[in-house]
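Letter by letter, the chains look like this.
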Amino acid sequence: MTGFLSTQCYSSLGKLKLLRNQPALSVLTTSQRKYISKDAAGIEFLQNSVVPTMHYQKSLPRLPVPKLEDTIRRYLAAQRPLLNDEHYSKTEKVAHDFQSDLGKQLHEELVALDKQNKHTSYISAPWFDMYLSARESVVLNFNPFISFNPDPKPEYNDQLVRATNMVCSAVRFMKTLRGGLLEPEVFHLNPAKSDTDSFKRFIRWVPTSISWFGAYMVNAYPLDMSQYFRLFNSTRIPKQKRDELFTDEKGRHLLVIKRGNLYVFDALDRDGNLTKPSEIQAHLKYILTDSTPATSFPLGVLTSENRDTWAGLRQKLLDAGNGEALRLVDSALFCLCLDEEVMKDHIHISHNMLHGDGCNRWYDKSFSIILAKDGQAAINFEHSWGDGVAVLRFQNEVFKDTTEKPLVGPNSQPASVDSASAVRRLDFKLNEELKAGIVNAKENFNSAVSKLTIDAMEFKKGGKEQLKKKKLSPDAISQLAFQMGFLRQYGQTVATYESCSTAAFKHGRTETIRPASIYTERCSKAFVQEPGKHTVDQLQGLLHECSKYHGQLTKEAAMGQGFDRHLFAMRYLANSKGMALPGLYLDPAYAAINHNILSTSTLTSPAVSLGGFAPVVPDGFGVGYGVHDEWIGCNVSSYPSRNVHEFLKCVHKSLEDIFTVLDGKPIH
């Protein structure tokens, strides 16, 4: 299920016009203005939004439960390219039986349940449960990374300078969010009308119960911000069978890890004001120059363990008298990992930011900012609490603030303060059993990450601009290139997953776009297996068919009209009732379409260099990609049963062929 979000989903929000008659519903989150000082635009805050941060939350439309017949139709359409005629007819029968019998019953119960819980979405609780009940390690299986672009001013990429600025900006973001002064997250289809001071001054006076409708009238679509409060002071706590999310907004301290040693110091004073930047710089310098050697028993590696194993070891840590130290870790604002390695290239960055050495991380924190010796920076985030919407907004704001308004520079002098007393290195009491647990966790970690290969590719012969001129969806063409690449390499069409945000709805999470279709299969076979049999015009026609259908799938997913979450929720309901699973869920084709060999996710942003995640199945690829104005980039991971280098060559060849055909030239 790993992935960030597909930003192109938001371009489909024009379809929200369908929802204009949905009622405004109960309040979800209120602005917390306790952090506001008189100097709202000064050093304490990033923004001073005219419209309160959570102004739209109460009136967001609800995530629709799709019609059962639509779900079955979409499910069968997605199955068609994956199955031969015989297997497809069996799956078709099973699906129609489900639709007329047990599926009908489950769907009706799901709709009734949804009507009883108007404060949330039908997918929210099952989705949290799915993540928190998973027992696999969060490393590789769930946590993705998104890396920052370097600061355009090279001297500001010094590790200490950049770490100080990022901590200050992150705390300012937190204060702005909690003060209700952060601009609400809104997708503007017509920014000249809606992203204006006059509209903001108007909409702030529209009651929260109907504010969404006011934005909608000018083609602006506010997005759900219910996940944002979990950004700070939050940690996933391991428990037997099902983990818990813990948040303690009273925590004023930062968690810093260097050489596997854990340090804390206050980034906020007792009044909730940002600690002076020069003091934060002094404390970070103290940690960076601390000569304490790398710990032989790095506690952080336990967060990479199987969740039940880690839950058992955590209880033993508590029994051994480490409760206060663990509480400081769990309630810290966030985690800052100061690494001692210099990054060699993009591949090195990906490995380091996705997993690292396991010792200098606390993977359970809602997010960690990782800073390498050379100032290369990234965010690694725990995935159960949110889908990347909040993380990407945070990353964009922090990058903008640190590059445009840095609070310290290369010539700044750290304050003359007693960092030795302000900074505390956490000591943990470890008995032999705990030490053995740490050694074992490190062995398991090394074994897991040693199997992962990452490679990257940049296609420089065209990008978004050229595709849009040809009236083609850039995302559709990227996804088609993955289908063509896989067909060229392995000779088949396989289950493919593309993540799409449903943040346009209250408590929306994600929906799946299924990029493998009869259209991509037909087009891929034409390009890869029989290019000589088709004219350039015919090949261009096939590209346009793929683009049109992918656009339809994207719109449906962004509107909550996919089939994956609906089927998932009905299966979850059946399990919670203790009933025998209906035949649809026992069909091998259902297992196969959920064994996502191509797991894909896209994002582009001025703040982001690249993002990545591991495959979600042992024989899969984890495909992070971005379509830029003039080029297309892919960052892809695999395990030993797949050859990622060859896959990227095949994707590159596919893109070459596509752009050749778009230039009106034949391919050979």
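About the criteria used
- As a convention, each chain's residues are numbered from 1 in the sequence order in which they are written.
- This being a predicted model, a pLDDT of at least 70 is required before a residue's local features are given, and a value of 80 or more before pairs of side-chain atoms are given or counted; all residues contribute to the totals for chains, interfaces and linings.
- Heavy atoms throughout the structure, all of them, feed into the side-chain values; hydrogens and water do not.
- Note on ring pairs: Phe, Tyr and Trp rings are taken, using the six-membered ring of Trp, and paired if centres are within 6.5 Å. Classes follow the plane angle, with under 30 degrees stacked, over 60 edge-to-face and the rest tilted.
- Only DSSP runs of H or I with at least four residues qualify as helices, and only runs of E with at least two residues qualify as strands; both kinds are numbered from the N terminus onward.
- Burial status follows relative accessibility: with a 1.4 Å probe on protein chains alone, a residue under 20% of its type maximum counts as buried, one over 50% as exposed, and anything between as partly exposed.
- Here, a charge over a ring means that NZ of Lys or CZ of Arg falls within 6 Å of the ring centre while also lying within 35 degrees of the ring normal.
- UniProt positions are given in the numbering used here, feature names are shortened, and annotations may be inferred rather than shown by experiment.
- In this analysis, the expected span of each helix is defined as 1.5 Å times one less than the number of residues it contains.
- Polar contact is the term for a pair of N or O atoms within 3.5 Å; when the atoms are in protein, one must be able to donate a hydrogen and the other to accept it, and sequence-neighboring residues count only if both atoms are side-chain atoms.
- For every residue, the predictor assigns a confidence score, pLDDT, that lies between 0 and 100.
- Contacts are assigned to residue pairs with any non-hydrogen atoms lying within 4.5 Å of each other.
- By the convention used here, strands pair only if DSSP detects at least 2 bridges between them.
- Every angle, taken between N-to-C directions, lies between 0 and 180 degrees, and every axis is a line fitted to C-alpha atoms, over only the stretch in contact when it is a helix.
- In this scheme, roughly parallel covers angles under 35 degrees and roughly antiparallel covers those over 145, while 65 to 115 is roughly perpendicular and the rest are oblique.
- By definition, any crossing whose near helix is turned counterclockwise from its far helix by less than a right angle is left-handed, and any crossing with a clockwise turn is right-handed.
- Each residue gets one of three labels, nonpolar for Ala, Val, Leu, Ile, Met, Phe, Trp, Tyr, Cys and Pro, charged for Asp, Glu, Lys and Arg, and polar for the others, Gly among them.
- Domain start and stop points were drawn from an automatic or database domain assignment.
- What counts as buried area is the accessible surface, traced by a 1.4 Å probe, that two parts surrender upon association, with contributions from both included.
- Should a side-chain nitrogen of Lys or Arg be within 4 Å of a carboxyl oxygen of Asp or Glu, the pair is scored as a salt bridge.
- With a 1 Å grid laid over protein atoms only, a set of points is called a cavity when a 1.4 Å probe fits there but cannot get out and a pocket when it is open yet has protein on both sides within 12 Å along at least five of seven lines; lining residues have an atom within 4 Å of a point.
- Grid points are joined across faces, edges and corners, and a volume is the space filled by probe spheres set on the points.

Considerations on the packing of aromatic side chains
Here is step 1: The full count for this structure, using the stated rule, is 26 aromatic pairs.
Here is step 2: Seen from their ring centres, Trp-127 and Phe-568 are 5.0 Å apart, and the 80 degrees between their planes marks the pair as edge-to-face. Pair noted here: Trp-127 is in helix H4 (residues 124–133) and Phe-568 is in helix H20 (residues 564–577), with a separation of 441 residues, a long-range link.
Here is step 3: With a relative accessible area of 1%, Trp-127 lands in the buried category.
Here is step 4: Taking the ring centre of Tyr-156 as reference, the NZ or CZ of Lys-153 above it sits at 4.8 Å.
Here is step 5: When the ring centre of Phe-45 is taken as origin, the NZ or CZ atom of Lys-175, which lies over that ring, is 5.0 Å away.

Some words on the UniProt feature "domain: Choline/carnitine acyltransferase" (unreviewed entry) in the chain
Here is step 1: As recorded in UniProt, the feature "domain: Choline/carnitine acyltransferase" (unreviewed entry) lies at residues 63–652.
Here is step 2: In the segment residues 63–652, helix accounts for 44% and strand for 15%; the C-alpha atoms at its two ends are 38 Å apart.

Looking at the environment of Thr-309
Here is step 1: Here Thr-309 lies in helix H10 (residues 307–319).
Here is step 2: Each C-alpha atom of the pair Thr-309 and Lys-239 lies 9.2 Å from the other, and the pair is 70 residues apart in sequence.

A few points about helix H5 (residues 159–178)
Here is step 1: Look at H5: 28 Å from first C-alpha to last across 20 residues, which is about the 28 Å you get at 1.5 Å a residue.
Here is step 2: Judged by how many residues are buried, H5 sits mostly within the fold: 20 of 20 residues are covered.
Here is step 3: Where H5 begins, one side-chain oxygen reaches toward the backbone nitrogen of Leu-160, 3.1 Å away; that side chain belongs to Asp-158.
Here is step 4: Immediately beyond the C-terminal end of H5, within one or two residues, lies Gly-180, with a positive phi of roughly 75 degrees.

Description of the confidence of the model for the chain
Here is step 1: Here the chain shows a mean pLDDT of 93. Residues at 70 or above account for 94%.
Here is step 2: Low pLDDT, under 50, characterises residues 1–8; the predicted model gives this stretch 51 contacts beyond four residues in sequence or across chains.
Here is step 3: Across residues 10–41 the pLDDT falls below 50, and counting only partners more than four positions away or on other chains, this stretch makes 87 contacts in the model.

Quick notes on unusual backbone geometry
Here is step 1: Backbone geometry at Asn-219 places phi at a positive 65 degrees, although glycine is not the residue there.
Here is step 2: Within the fold, Asn-219 resides in the loop between helix H8 (211–216) and strand S3 (220–222).
Here is step 3: Overall, Asn-219 belongs to the partly exposed group, its relative accessible area being 24%.

Digging into the UniProt feature "active site" (unreviewed entry) in the chain
Here is step 1: Taking the numbering used here, the UniProt-annotated feature "active site" (unreviewed entry) corresponds to His-383.
Here is step 2: Residue position: His-383 is located in the loop between strand S10 (377–381) and helix H13 (389–404).
Here is step 3: Take His-383: its relative accessible area is 1%, and that puts it in the buried class.

A closer look at the sheet that holds strand S6 (residues 253–258)
Here is step 1: Within the open sheet, the eight strands sit side by side as S11-S7-S6-S8-S9-S10-S1-S16. Their pairing is mixed. The open sheet is flanked by strand S11 (424–425) and strand S16 (608–612), the only strands paired with a single partner.
Here is step 2: When S6 meets strand S8 (residues 335–338), the two strands line up parallel, connected through four bridges. By the bridge assignment for S8, Val-256 is matched with Leu-336.
Here is step 3: Relative to strand S1 (residues 145–148), H13 is tilted by about 15 degrees, and along the sheet it contacts S1, strand S9 (367–371), S10 and S16.

Quick look at the packing of helix H1 (residues 68–79) against H20
Two quantities define a packed helix pair, namely the angle between the axes and the distance from one axis to the other.
Here is step 1: Their axes nearest at 9 Å, the elements H1 and H20 cross at an angle of 115 degrees. By the angle between their directions, the pair H1 and H20 is classed as roughly perpendicular. Regarding H1 and H20, the two cross each other, and that crossing is left-handed. Side by side, H1 and H20 meet where Leu-68, Thr-71 and Tyr-75 of the first sit next to His-566, Leu-567 and Met-570 of the second.
Here is step 2: Looking at the contact of H1 with H20 residue by residue, the class counts come to four nonpolar, two polar and no charged.

Comments concerning the domain arrangement of the chain
Here is step 1: Looking at the chain, the domain boundaries give domain 1 (50–61 + 183–222), domain 2 (68–132 + 453–663) and domain 3 (141–182 + 229–450).
Here is step 2: Once you take the C-alpha centre of each, domain 1 and domain 3 turn out to be 34 Å apart.
Here is step 3: The contact between domain 1 and domain 3 buries some 450 Å² in all, and 39% of this surface belongs to carbon and sulfur atoms.
Here is step 4: Of all residues in domain 1, Thr-53, Glu-183 and Glu-185 give up the largest surface area on contact with domain 3, accounting jointly for 86% of the area buried on that side.
Here is step 5: Taken together, the links from domain 1 to domain 3 amount to one salt bridge.
Here is step 6: Its salt-bridge partner being Glu-185, residue Arg-393 comes within 2.6 Å of it at the nearest N-O pair.
Here is step 7: For the side of domain 1 that touches domain 3, the per-class residue count stands at three nonpolar, one polar and two charged.

Re the pairing of strand S18 (residues 632–638)
Here is step 1: With seven of seven residues buried, S18 lies mostly within the body of the structure.
Here is step 2: A two-sided burial pattern is seen for S18, the buried positions comprising Ile-632, Cys-634, Val-636 and Ser-638 on one face and Gly-633, Asn-635 and Ser-637 on the other.
Here is step 3: Bridge count for strand S12 (residues 453–459) against S18 is seven bridges, and the pairing is antiparallel. By the bridge assignment for S18, Met-457 is matched with Cys-634.
Here is step 4: Bridge count between strand S17 (residues 621–627) and S18: seven bridges; the pairing is antiparallel. The partner of Gly-626 across the bridge, within S18, is Gly-633.
Here is step 5: Linking S17 to S18, which pair antiparallel, is a turn of four residues.

Details of empty space enclosed by the protein
Here is step 1: In this structure the tally under the stated criterion is eight cavities of 30 Å³ or more.
Here is step 2: What the largest cavity holds in volume is close to 60 Å³.
Here is step 3: Every residue lining the largest cavity is listed: Asp-224, Gln-227, Tyr-228, Asp-387, Val-389, Ala-390, Ser-501, Ala-503, Gly-508 and Arg-509.
Here is step 4: Split by residue class, the lining of the largest cavity holds four nonpolar, three polar and three charged.
Here is step 5: Two domains share the lining of the largest cavity, each providing at least three of its residues, namely domain 2 (68–132 + 453–663) and domain 3 (141–182 + 229–450).

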